[in-house]
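Examination of the molecular architecture
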Amino acid sequence: MAEETVGAVDDRAGGTAEKLLGPGQRASAGVILCVVGYGLFAAPRLTVTVIVGACVAFYLVFALFKLLVTTAGRGHRMILSTPMTSSRVLPHYGVLLPVHHEANMLRRLVARVGRLDYPREKLHVYLLIEQDDEETLAAAADLGLRVHGDGTTSEGPLGHVVVVVIPPGGPKTKPNAMNVAFPIVVADGCRYVTVYDAEDRPDPGQLQLAVATFRLARRDVVCLQAELVFWNDDTNWVSALYWVGYKVHFRHFLPGLARLGLPVPLGGTSNHFKVSVLQEVALPGGLVWDPHNLTEDADLGARLAAAGYRVDLLASVTLEEAPVSGRVVDKQQRRWKGGYLQTALVHSRRPIRTAARMGVHRWLAFLLMTYGTPLTFLLNPLFLGLTVAWFVTGSPLIVDVFPAPIYYTATALLVVGNFGIMLELIQTTLVEAQRTQGRFRLLKYMFMAQVMWLWMSVSTYIAVFEMVTGKRGWHKTPHGHAETDDDVEPALIPQPVVP
């Protein structure tokens, strides 16, 4: 029976992202390239006009979809909006902490997880470290953390933390490390599991709130996504734009998806799962997360939707560290945009079967998100270049490929669309500045959004090149450039163990 379930899930999900294209996708791509090539040879002006019209139509559909979802998000209501201590016995809870070359973050990470308000005998914290990451392993040993399978018992204030050494052989990715640790989570009897990154500062009551929310939610809600908020939002224009982008995403877009019952592309951290459901939707070999996918969280969200489950939001916050330089933005965007492209390709390999299981409208919405997000960043500089070229040269060739219906639609999207996005950024900044820290000076950074988007477009082109050439890699975001211990009580910071 288990084999039948796993096989069914594999059919539904389309396998892993180890290979970029399936046989059908390669054939379809070949046909499209041949048709476009013939069109450019036989009727170049008409062909270019059709391509431009298709791109404008895509922009229109994508803009209306985003408008629909963000509008719906304003009416979303949390299942449980205030923390409460559960009156029932709390279940065992697993916390996965994948780290890679982050010895500098280890003491702070352990201290912050140590602030979680959860019974230590029911809390299982797994620190995932690659076998060849000697520096981080040494830092863990200095803190006196036990290694899983070494025969030692869980004692002392850090007895609930265990190091899981990731053996060589698989890809050195975050999802691969979590797959290695997942059987240990199951063996320890954890009913729920969550994931935190090295720089995360979760609310102390987040786990208890997740348990209470799961108990109040409908039975098909199997994942809760906490809100991610940047603590260094006022460092510079880069961190400010990331901050407001996350506010729009977690306060408007994700709530809209949850309210409409659409697949939710999960964040890579602070998502809380029912362990039994993760076993159910696992890929062959018990792989819960696709080890080859750069956005394994978005892929898992699609598989949950294909299995008939829902994702909702958790009224809790996890503080993160925003990028503060263009180099870091480039690494992150290459991973995200490439991962979205991978995820879209995986879940469109068997379109009829996947659409039937996920629901046609959910499947189309998910593909619009995952294909559409990188596609917009690929098209933006092209249309911007055409606009600038027309103003500079007034070329009739550009006019010819924009007949009246296409021209007026494109102009409306350019003017109204950009105005609407800027209005949302400014309004969100004003609301959040009033609600939280009063940082109204961040408003001036919103007018740098176009520069940020163009930089993200460059990263997206590089990501596509890496995908096509097979050189895709896990571009890790460095952490700890502005970290302090100000948020942690000195008594909670573990000290090195003296031999």
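Residues numbered from 1 in each chain as written. Predicted model: local features only at pLDDT ≥ 70, side-chain atom pairs only at ≥ 80, totals over all residues. Heavy atoms only, no water.

Points about the overall build of the chain
For clarity, the threshold we go by: Helix and strand labels come from DSSP, where a helix needs a run of H or I of at least four residues and a strand needs a run of E of at least two; each type is numbered from the N terminus. For every residue, the accessible area (1.4 Å probe, protein chains only) is compared with the maximum for its type, and the residue is labelled buried under 20%, exposed over 50%, or partly exposed between those bounds.
Of the regular secondary structure elements, the chain holds 16 helices and nine strands. Per-residue burial over the chain gives 51% buried out of 499 residues.

Some thoughts on the pairing of strand 2 (residues 123–130)
Our working definition: DSSP bridges decide pairing: two strands pair if at least two such bridges lie between them.
For strand 2, the buried fraction is high: eight of the eight residues fall into the buried class. Residues L123, V125, L127 and I129 line one face of strand 2 and the alternating positions H124, Y126, L128 and E130 line the opposite face, and both faces are buried. Of the strand pairs in this sheet, strand 1 (residues 93–98) and strand 2 are connected by six bridges, and their pairing is parallel. Paired with L97 across the strands is L127, a residue of strand 2. Here six bridges tie strand 2 to strand 4 (residues 161–166), and the two strands are oriented parallel to one another. Within strand 4, the residue paired with V125 across the bridge is V161.

Structural notes on helix 10 (residues 296–306)
With respect to burial, helix 10 is a largely interior element, 11 of its 11 residues being buried. For helix 10, the set of buried residues is E296, D297, A298, D299, L300, G301, A302, R303, L304, A305 and A306.

A short note on the packing of aromatic side chains
To keep things clear, this is the line we draw: Stacked, tilted and edge-to-face pairs are distinguished by plane angle, under 30 degrees for stacked and over 60 for edge-to-face with tilted covering the rest, among Phe, Tyr and Trp rings (Trp via its six-membered ring) whose centres lie within 6.5 Å. We count a charge as sitting over a ring when the NZ of a lysine or the CZ of an arginine lies within 6 Å of the ring centre and within 35 degrees of the ring normal.
Going through the model one piece at a time under the given rule, you end up with 15 aromatic pairs. With a centroid separation of 5.2 Å and an interplanar angle of 70°, the aromatic rings of Y407 and Y408 are classed as edge-to-face. Of the residues examined, Y408 reaches a relative accessible area of 58% and is grouped as exposed. Taken together, F58, Y59, F62, F383 and F402 form an aromatic cluster joined through their ring pairs. The ring of F377 carries K337 above its face, with NZ or CZ at 4.6 Å from the centroid. The ring of Y445 is capped by K444, whose NZ or CZ atom sits 4.5 Å from the centre of that ring.

Brief notes about the confidence of the model for the chain
The line we're drawing: Confidence scores labelled pLDDT are given residue by residue by the predictor and lie between 0 and 100. We call two residues contacting when some pair of their heavy atoms lies within 4.5 Å.
Mean pLDDT over the chain works out to 87, with 90% of the residues at or above the 70 mark. Counting interchain partners and residues more than four positions distant, the pLDDT-below-50 stretch residues 1–13 has 28 contacts. In this model residues 495–499 is a low-confidence stretch, pLDDT under 50, and it forms eight contacts with partners more than four residues away in sequence or in other chains.

Points about the pairing of strand 5 (residues 192–195)
Residue alternation in strand 5 divides its side chains into two sets, Y192 and T194 and V193 and V195, and both sets are buried. Where strand 1 lies against strand 5, four bridges are found, and the strand directions are parallel. Looking at the pairing, L96 lines up with V195 of strand 5. Where strand 5 lies against strand 8 (residues 271–274), three bridges are found, and the strand directions are antiparallel. Counted as the bridge partner of T194 is H272 from strand 8.

Side note on the side chain of N236
What counts here: In the analysis that follows, any N or O atom pair within 3.5 Å is treated as a polar contact, provided that within protein one partner can donate a hydrogen and the other can accept it, and provided that, for residues neighboring in sequence, both atoms belong to side chains.
Within the secondary structure layout, N236 lies in the loop between strand 7 (221–230) and helix 8 (237–260). There is a polar contact of 3.1 Å between the side chain of N236 and the backbone nitrogen of V238. Among the polar contacts made by the side chain of N236, one reaches the main-chain carbonyl oxygen of V324 at a distance of 2.8 Å. Not counting residues up to four positions away in its chain, the partners in contact with N236 are V324 and Y445.

Looking at the sheet that holds strand 8
The strand order across the open sheet built from nine strands is 3-4-2-1-5-8-7-9-6, with neighbouring strands paired in mixed fashion. Among the strands making up the open sheet, the edge pair consists of strand 3 (146–147) and strand 6 (201–202). Two strands pair when backbone bridges link them, and strand 7 and strand 8 are joined in this way by three bridges, in the antiparallel orientation. Following the sheet pairing, Q225 is matched in strand 8 by N271.

Some words on the nonpolar core
Spelled out, the test is: For this analysis, a nonpolar core means a set of buried residues of the types Ala, Val, Leu, Ile, Met, Phe, Trp, Tyr and Cys, connected via side-chain atoms within 4.5 Å.
Membership of the largest hydrophobic core comes to 83 residues, with the highest contact counts inside it found for F65, L96, Y126, L128, L257 and L304. At 11 residues, the largest contribution of residues to this core is made by helix 8. Leaving out residues up to four positions away in the same chain, L257 has contacts with F65, V69, L262, P263, V264, P265 and M369. Among the nonpolar cores identified, the runner-up in size contains 38 residues, and L123, A139, A212 and V221 belong to it.

A word on the packing of helix 8 against helix 15 (residues 404–435)
Stated formally: Lines fitted to C-alpha atoms define the axes, with helix axes restricted to the stretch in contact, and inter-axis angles between N-to-C directions lie between 0 and 180 degrees. These descriptions rest on fixed angle ranges, namely under 35 degrees for roughly parallel, over 145 for roughly antiparallel, 65 to 115 for roughly perpendicular, and the rest for oblique. Residues are grouped as follows: nonpolar covers Ala, Val, Leu, Ile, Met, Phe, Trp, Tyr, Cys and Pro; charged covers Asp, Glu, Lys and Arg; every other residue, Gly included, is treated as polar.
Relative to each other, helix 8 and helix 15 sit at 90°, their axes nearing to 10 Å. In terms of orientation, helix 8 lies roughly perpendicular with respect to helix 15. Of the residues in helix 15, those touching helix 8 at W243, V244, K247, V248, R251 and H252 are E424, L425, T428, T429, E432 and R435. Residues that form the contact of helix 8 with helix 15 fall into these classes: four nonpolar, three polar and five charged.

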